[in-house]
Structure formats: C-alpha cells, structure tokens
Amino acid sequence: MYEDKTLVCKECGNEFVFTSGEQEFYAEKGFVNEPQRCKDCRAARKAAARGPREMHDAVCASCGAECKVPFEPKNDRPVYCSECFAKLNEQAE
C-alpha cells in the first residue's frame, strides 16, 4: 500500500527516506503531514528543546570509580558507572 519516498530536509537540505513503515505509522496515528526534517535534525531539535542534561557526581558501587550520572544519587540505592551497569545488564539477560 505504501512505498518509500525520498524527501528533502528543510533544516539541512539532505535527502532522507520516509519509509513505507513510517508512513503506515503516521497514518495509524492520524498524522496528515509528512516529516519535514531528517532523523538527525529531528533529534537535534528535541535535544535543544530539552536543554542540557544536569549531571551529578557519584562513586560506582561495583568498582569504586568516580563517574557522572544524569540523576541525583540516593544513599538507599547503588549507583554504577557505565561499564559496570552494562555488565549487570548483560548478566541479567
């Protein structure tokens, strides 16, 4: 029913593909306009609207390394650096 379309980003001028799957999603959600920006420009706009992320200093509960996390650490829950957090997620799977 839908076919991939090549569109031009109004922000950067680069071409991007509006896939048939994305078109179907837009139709299901009731969106009537096609996207005007490529994925990278949409992401940049969202990030700019959100503003900079506040980072907090922490010490990893596993390896003891100092790290920064995007939330305020609490004493009742352990905080892990990126590497230890990834290792814990791998073990859980």
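Here the structure is a predicted model, which means the values were calculated and not measured.

Overview of the environment of Glu 83
Inference 1: With respect to the secondary-structure elements, Glu 83 resides in helix H3 (residues 82-92).
Inference 2: Accessibility expressed as a relative area gives 61% for Glu 83, which makes it exposed.
Inference 3: Along the chain, Glu 83 and Glu 24 lie 59 residues apart, while their C-alpha atoms are 38 Å from each other.

A closer look at the packing of aromatic side chains
Inference 1: This model, assessed by the stated rule, comprises three aromatic pairs.
Inference 2: With a centroid separation of 6.5 Å and an interplanar angle of 65 degrees, the aromatic rings of Phe 25 and Tyr 26 are classed as edge-to-face.
Inference 3: What makes Tyr 26 buried here is its relative accessible area of 19%.
Inference 4: A centroid spacing of 5.3 Å and a plane angle of 85 degrees characterise the contact between Tyr 26 and Phe 31, whose relative ring orientation is edge-to-face.
Inference 5: Under the relative-accessibility criterion, Phe 31 is labelled partly exposed at 45%.
Inference 6: Cluster of aromatic residues (ring-pair linked, three or more members): Phe 18, Phe 25, Tyr 26 and Phe 31.

Quick word on the side chain of His 56
Inference 1: Summarising the element assignment, His 56 is placed in strand E3 (residues 56-59).
Inference 2: Discounting residues that sit within four places of it in the chain, His 56 has contacts with Cys 67, Lys 68, Val 69, Pro 70, Phe 71, Glu 72 and Pro 73.

Conventions adopted
- Residues numbered from 1 in each chain as written.
- Predicted model: local features only at pLDDT ≥ 70, side-chain atom pairs only at ≥ 80, totals over all residues.
- Heavy atoms only, no water.
- Helix = DSSP H or I, 4+ residues; strand = E, 2+ residues; numbered from the N terminus.
- Buried < 20%, exposed > 50% of the residue type's maximum accessible area, 1.4 Å probe, protein only.
- Phe/Tyr/Trp six-rings, centres within 6.5 Å; stacked < 30°, edge-to-face > 60°.
- Contact = heavy atoms within 4.5 Å.

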